[in-house]
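Structural overview for review
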Amino acid sequence: MGLRTEYKFIVDHNVGKLAKWLRMMGYDTLFFTGDDDWQMVITALNEDRVILTRDSHIMNRGVITRGRLKALLIQSENPDEQKRQVIETFNLDTRARLFTLCLECNQPLGKRTKEQVKDRVPPYVFQTQDQFVECPSCNRIYWKGTHWQEMTRRLEKLATESAGK
Ligand SMILES: [Zn+2]
């Protein structure tokens, strides 16, 4: 598979942690929390999303075995291994679109000036950061603080390990 950035995903509840990471990398990702797998399949079909799941029963569904719908059976219980499997399988770009989507609501983030966030972030953050983005849906503000750096560092590490295989 070539380098594609247009993949969209739907993540089953049994691998829910993947949703946040895929959004962090800028991949449009829904988190499926319902009980009825069929609903997830329908959504994936309607919205052209790839299913990520640990449930092998889903993989046996006709729409998937016949190739109408793409799905990946996640092999490991380990969150890092799970991320690595997805990144490798779809050859995901771990850098190009970092922090362009809200980690909570999957909405595209909008750039904000320092002045716009002045009274909405801690004073220390306001003093030390220059770049801010905001989610139009939940109004959460993101900046390149320690949490951001930590997540980026972990992604870089995974990407490096994958490349070195
Ligand atoms: Zn949000």
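Residues numbered from 1 in each chain as written. Predicted model: local features only at pLDDT ≥ 70, side-chain atom pairs only at ≥ 80, totals over all residues.

**Structural notes on the sheet that holds strand S4 (residues 71-73)**
Strand pairing in a sheet relies on backbone hydrogen bonds, with the paired strands running either antiparallel or parallel. Test applied: What makes two strands pair is DSSP finding at least two bridges between them. The way it works is that DSSP assigns letters per residue, a run of H or I at least four long becomes a helix, a run of E at least two long becomes a strand, and they are numbered from the N terminus. In this analysis, axes come from line fits to C-alpha atoms, helices being fitted only over the stretch in contact, and the angle between any two N-to-C directions falls in the range 0 to 180 degrees. Contacts are defined on C-beta atoms placed from the backbone: any two residues whose C-beta positions lie within 7 Å are in contact.
Pairing is parallel across the open sheet formed by four strands, whose spatial order is S2-S1-S3-S4. Because the sheet does not close on itself, it has two edges, and the strands there are strand S2 (29-31) and S4. Strand after strand, the sheet turns through a mean of 20° between neighbouring axes, direction not considered. Both strand S1 (residues 9-11) and strand S3 (residues 50-53) contribute to a ladder of three bridges, which runs parallel. Following the sheet pairing, Ile 10 is matched in S3 by Ile 51. The strands touched by helix H1 (residues 17-24) are S1, S2 and S3; relative to S2, the strand with the most contacts, the crossing angle is about 160°.

**As for the domain arrangement of the protein chain**
The following threshold applies: Either an automatic procedure or a domain database provided the assignment from which the domain bounds are taken. Ten residues, namely Ala, Val, Leu, Ile, Met, Phe, Trp, Tyr, Cys and Pro, are considered nonpolar, four, namely Asp, Glu, Lys and Arg, are considered charged, and the remaining ones, Gly among them, are considered polar.
Under the domain assignment, the protein chain is made up of domain 1 (9-90) and domain 2 (110-163). Taken over C-alpha atoms, the centre of domain 1 sits 27 Å from the centre of domain 2. Sort the elements by how many residues they give to the side of domain 1 that touches domain 2 and helix H5 (residues 79-90) lands first, with five residues. Here the residues of the side of domain 1 that touches domain 2 are counted per class, giving two nonpolar, no polar and four charged.

**Considering the environment of Val 63**
As for its position among the elements, Val 63 is in helix H4 (residues 62-65). Between the C-alpha atoms of Val 63 and Val 41, which are 22 residues apart in sequence, the distance is 8.5 Å. When neighbours within four sequence positions are excluded, Val 63 is seen to be in contact with Val 41, Leu 45, Arg 68 and Leu 69.

**Regarding the environment of Cys 105**
Definition in use: Counting other C-beta atoms within 10 Å of a residue's C-beta gives its exposure: the residue is buried at 20 or more, exposed at 12 or fewer, and partly exposed in between, where C-beta atoms are placed from the backbone.
Tracing the backbone shows Cys 105 in the loop between H5 and strand S5 (110-112). On the neighbour-count criterion, Cys 105 (12 C-beta atoms within 10 Å) is exposed.

**Points about unusual backbone geometry**
You will see that Asp 48, though not glycine, has its phi angle at about 55°, which is positive. One can find Asp 48 in the loop between helix H2 (37-47) and S3. Phi at Phe 99 takes a positive value of approximately 55°, unusual for a residue other than glycine. Turning to its location among the elements, Phe 99 is positioned in the loop between H5 and S5. The partly exposed category is assigned to Phe 99, around which 19 C-beta atoms lie within 10 Å.

**Points about H1**
Of all the eight residues making up H1, six are buried; the element is thus mostly covered by neighbouring parts of the structure. The complete set of buried residues in H1 reads Leu 18, Ala 19, Trp 21, Leu 22, Arg 23 and Met 24. Residues of H1 that are buried sit in contact with S1, S2, S3, H5 and helix H8 (146-163). Just beyond H1, the residue with positive phi is Gly 26, at close to 90°.

**Considerations on the nonpolar core**
As a reminder, the rule being used: We call a set of buried Ala, Val, Leu, Ile, Met, Phe, Trp, Tyr and Cys residues a nonpolar core when their C-beta atoms link them within 7 Å.
Residues Phe 9, Ile 10, Val 11, Leu 18, Leu 22, Ile 51 and Leu 52 are the most contacted members of the largest nonpolar core, which totals 29 residues. Mapped onto this core, the elements with two or more residues apiece are S1, H1, H2, S3 and H5. Tallying contributions element by element places H1 first for this core, with five residues. With residues near it in sequence (within four places) discarded, Val 11 still touches Gly 16, Leu 18, Ala 19, Thr 29, Leu 30, Phe 31, Phe 32 and Leu 52.

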